[in-house]
Structure formats: C-alpha cells, structure tokens
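Residues per chain, in single letters:
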Amino acid sequence: MSQFKMWINGKWVEAESGKTYPVYNPATETEIAQVPLGGKADVDKAVAAARKAFPIWAKKPQAERSQIAMKMSALMQEHAKELGAIDTMEHGTPTKTAAASVVMTAQRFEWAAYNGRSLMGHTVPSTAEDLVYLQREPIGVVAIITPWNVPLAMVVGKLAPALTLGNTCVIKPPSINSLTTLKLAELIEKLELPPGTVNVVTGPGGTVGESLAAHRSVDMVGFTGSCETGKRIMALASQTIKRLQLELGGKNPVIILDDADVNAAVAETVTGQFRNSGQICGSPGRYYVHEKVYDEFLEKYTAAAQKLVVGDPADERTQMGPLVSGEHRNRVEGYIKSAIDEGAKVILKVAREEIFGPVACFMEKFNSDEKVIEMANDNVFGLTAYVWTRDTARGIRFANQIESGTVQIGQSHGWGPELPWGGYKESGIGKEGSLYGLYDFTNLKRVQVDLQAMKK
Ligand code: NAD
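Residues numbered from 1 in each chain as written. Predicted model: local features only at pLDDT ≥ 70, side-chain atom pairs only at ≥ 80, totals over all residues. Heavy atoms only, no water.

Caption draft 1: Up close: the site of the ligand. Around the ligand, the surrounding shell holds 28 residues, and the nearest of these are Thr-146, Glu-210, Ser-226, Leu-248 and Glu-354. The contact in question runs from an oxygen atom of the ligand to an N or O atom on the side chain of Trp-148, over 3.0 Å. Among the elements of the structure, helix H7 (205-214), strand S11 (220-224) and helix H8 (227-237) are those that each provide at least two residues to the shell around the ligand. Its residues placed into classes, the shell around the ligand shows 13 nonpolar, ten polar and five charged. (Near = heavy atom within 4 Å. Polar contact = N/O pair within 3.5 Å; in protein donor to acceptor, adjacent residues only side chain to side chain. Helix = DSSP H or I, 4+ residues; strand = E, 2+ residues; numbered from the N terminus. Nonpolar A, V, L, I, M, F, W, Y, C, P; charged D, E, K, R; others polar.)

Written out as structure tokens, the structure reads:
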C-alpha cells in the first residue's frame, strides 16, 4: 500500500489537517493507497500559490509554453504503461486499453501546443483613423474539478488548454480515483514550472470542490461531473462571476432507423455501451429502434453483449471490468430494480435519469421520424446522439432537429483533440477539444486605437 502526498506550490505536502483517506481497487475492494484529506486551508494555500505564479507564467512567450506542453505529452507517452497500470488498479480500466488511452490523452497537450502558437486574434474593419483588433489572453487561476469515470483524460482535457495558454491551475481530482492525477503531478514536477503553476489538492467535493468554486481568487472553474454538482458549482461561482466550462451528464439517444445497417449498428453500439463498464458520459442511454428492425436489432444486440468478456481488469482478455465502487454498483442495481418495478423487462443484466453503468434501455418501438425526434428531444440532457441510417439526407434531417452538442450518423466511434465536445441544455456550457475548447480558457480583449489622436 502506498502513501501519497499533494502537489502544492512546487512541493509534495500532507494535508494541513494531517488526515488521509483510503483509495480502493474496485476489482478486489482492497485498500491500495492513502491520500491526503485536503480541506479549505489546503485550497487557500494552492490558490495563493497559483495566483502568485500567474503573472510569471502568463508573461512567458507562447512558444516557450507550447514547448513545455510538447514535453508533457512526451512524458505522458513515456510513462503510459505506468499511468495505465494505476488506472487499472484504482478505476478498473481493462489493461487491454489502459496504456493506449493514456497515449491518446497525451495528444491533448500536442494539440494545445500547436494551436496555442497560432491562436490569432483578428482586426475588426478599421479605418485610416481607427485601429480595432482583438486578442486572446489567459484568464488567471483556473480550478479544474473532475469526475472518476476516466480520471486522467478528464483532468488533461482541461489542464492541457488551460496551462498551455498561460493560466495557472488548481486541480481537484475525484476523491475515489485521485492516484492517476497525483502520478501526473509527478510528471509535471519534471517540467520545472514556476512554483504554484499547477497544484493538486485531494479531498472531498463538499469541502475542497466547494472551496475552489467559491474562492475569490479563482477566475474560472472547469468542471466535469454530474448535473447536480454542476448546478451547485454554478451557484457558488456566481458570487464572483467566474468563467465556467461545464461538461455534465447525458442520457444519449440512439436511433436505429428502418434502413440502418443493423450489423454495423449492433457492433458499434455494443462496444460504445459497455466501454468503461458504461461509465462514460457519451455512452448510449436510450435506444429507439424502428418497428421494422426492432426484433432483429434486439436479438443481435443481446447476442453480441453476451459475448463480452467480463472480469478482472488486470487480465489481458478482459473487455469489461468492474464498476468503480460497491457504492456505485448498488446505485446502478437500484436503477434496474426501480425500472423492473415500473414494468421494464430485463433481458440481460441490463427513462430519464443517467444510470452511468452497463445498462442499455430499449424504449418503445417507433414508426415515424417526426415522433422519434420528439421522443429523443424529450429529455433535460443534450450531450450527444447517434442516428443509424444509410440515407445521408435523412440522417442530416435528424442532425438538424436533435437538440444535442454532437450527432453521429452511421457511426459511434471517432475521437480526436480537434473535435469539439460539449452539451446542449442541462448537459453543460462550453466545449472541450477543438479551437472552441482552447478559446474557452481565454479572455477576448478588444483594443481600439484612435490613430488621429496618436498623430497629435
Ligand atoms: P460528481 O458530480 O459527483 O463529481 C465530480 C467532481 O466534483 C468530483 O471531483 C467531486 O468530488 C466534485 N464535487 C462533488 N460535489 C461537489 C460540490 N458540492 N462542489 C464542488 N465539487 C464537488 O460526478 P461523478 O460521479 O464523479 O462523475 C459522473 C458524472 O460525470 C456523470 O454525470 C457523467 O455524465 C459526468 N461526466 C460528464 C462528461 C462530459 O464530458 N459531459 C464526462 C465525464 C463524466
């Protein structure tokens, strides 16, 4: 068992309280580490350090910060196996995919590095008398609060743009999965940044998270997590009108039309549904299958799901590991039980609320495009949607009417740092990935010069 420390102001430290809390391996439910139980005093120290580092870091030329981001990507790739092994141990990510996922995540730093160097402002039509131009500037101290479901990717999705573009950061990783972030901080230490440029404070959301969201010296909160916590953070952040980037929940519709390639749709949706044991915000949530292909789809889907290799995540053959904790397992089972009580039929181990587990909800059959669009939109979330058809024009008609930040037609794979990700409605505010995701971590300034006055 290991004893971890927090990374504050360029030093490894205990919590001010001296207390720690345990982290468990979800596959064996045994304790694997003790982590500092941070609180408000630790947040104050970290934010003060980040505030002090901000002018130093923000003034560095973008070329230098981009080179540092490239180095961070290289370090992550070099340590991918190690980071992946921690992810398997604390989160249950199958070994089969853990290291590859670290390498993919490292691309976030490369993307931010390249694009940070050409993050241009522009001129607004100016006259001989007036010059008006826009420039992007770092925001200040950014609090990064992340969920447990893909711990490393969630941190890097915000840290890469925030840091590369000149902000200083205080990260609060998920309490139950803090170890990958603390390991990441060991790599950050190798960058020899000004002390306080990046800080990691571990501990519960109710104290560490709330202190960050309410802190007067924090300028922005980048948060990924549940809708409920997102709303609480919005309320706390409103006290000082902080910038917000919120990536929240989803209950994503999958629409299988009568002209869909059923075999392809089954293969991709089963993979997408059970990846990370269904604990992914973009996982399919509600299946709407056209009555003409309903029976065929359901039969093939059930057969494909039955073939998944479920087991010990440390075993190379395992495709689906455990849920993140016993507590979460009970929560998912509770959803299944209440669905049965309300008349649902369980076909395998399998709506409105997000279940965040290996549960595929098949809704009533449909036979009208208009009706299914209405049903898909009848939800508070609007994160992503999947439409399976062979007719491009029909697919685009669906895309134009579905209320969500992403619509994928005839596929459910594909990821890259160049792709924007972020929800409509209660699924969030702002984007992660793409140039829009970089812009979210900057302030836009208008500079206006009266050239006539300059001559005088
Ligand atoms: P959560 O909201 O419970 O916790 C997220 C983070 O917030 C954790 O670090 C937690 O400690 C902290 N927190 C909890 N209460 C807080 C408070 N009052 N103030 C400040 N911080 C607080 O979410 P979770 O259970 O860790 O993660 C699952 C959720 O995350 C799901 O709803 C999922 O859809 C969502 N998610 C969304 C995306 C996306 O990109 N949209 C990606 C991954 C996960």
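Next comes the rest of the write-up.
Caption draft 2: Up close: the pattern of salt bridges. Considering all chains together, one arrives at 21 salt bridges under this definition. Taking the shortest distance from any N to any O, the salt bridge between Arg-329 and Glu-29 comes out at 3.6 Å. Placement of Arg-329 in helix H11 (residues 326-341) and of Glu-29 in the loop between strand S4 (20-25) and strand S5 (30-36) is noted, with a sequence separation of 300 residues between them. Here Glu-29 falls in the partly exposed class, since its relative accessible area comes to 45%. Ionic pairing is found between Glu-82 and Lys-183, a salt bridge with its closest N-O pair at 2.6 Å. Taken together, the residues span a long stretch of sequence, with Glu-82 in helix H3 (residues 80-91) and Lys-183 in helix H6 (residues 179-189) at a distance of 101 residues. When salt bridges with common partners are traced through the structure, they connect Asp-258, Asp-259, Lys-292, Asp-369 and Arg-394 into a single cluster. (Salt bridge = Lys/Arg side-chain N within 4 Å of Asp/Glu carboxyl O. Buried < 20%, exposed > 50% of the residue type's maximum accessible area, 1.4 Å probe, protein only.)

Caption draft 3: Summary view of unusual backbone geometry. Phi is positive for Asn-9, which is not a glycine, with a value near 55°. If you trace the backbone, Asn-9 turns up in the loop between strand S2 (6-8) and strand S3 (11-13). The class of Asn-9 is partly exposed, set by a relative accessible area of 32%. In the Ramachandran plot, Glu-29 falls in the positive-phi region, its phi being about 55° despite a non-glycine side chain.

Caption draft 4: Spatial organisation of the side chain of Thr-442. Tracing the chain through its elements places Thr-442 in strand S21 (residues 442-450). Within polar-contact distance, the side chain of Thr-442 engages the side chain of Arg-136 at 3.1 Å. Here Tyr-439 takes part through its backbone oxygen, which lies 2.7 Å from a polar atom of the side chain of Thr-442. Setting aside residues up to four positions removed in sequence, Thr-442 forms contacts with Leu-119, Arg-136, Glu-137, Ile-139 and Leu-165. (Contact = heavy atoms within 4.5 Å.)

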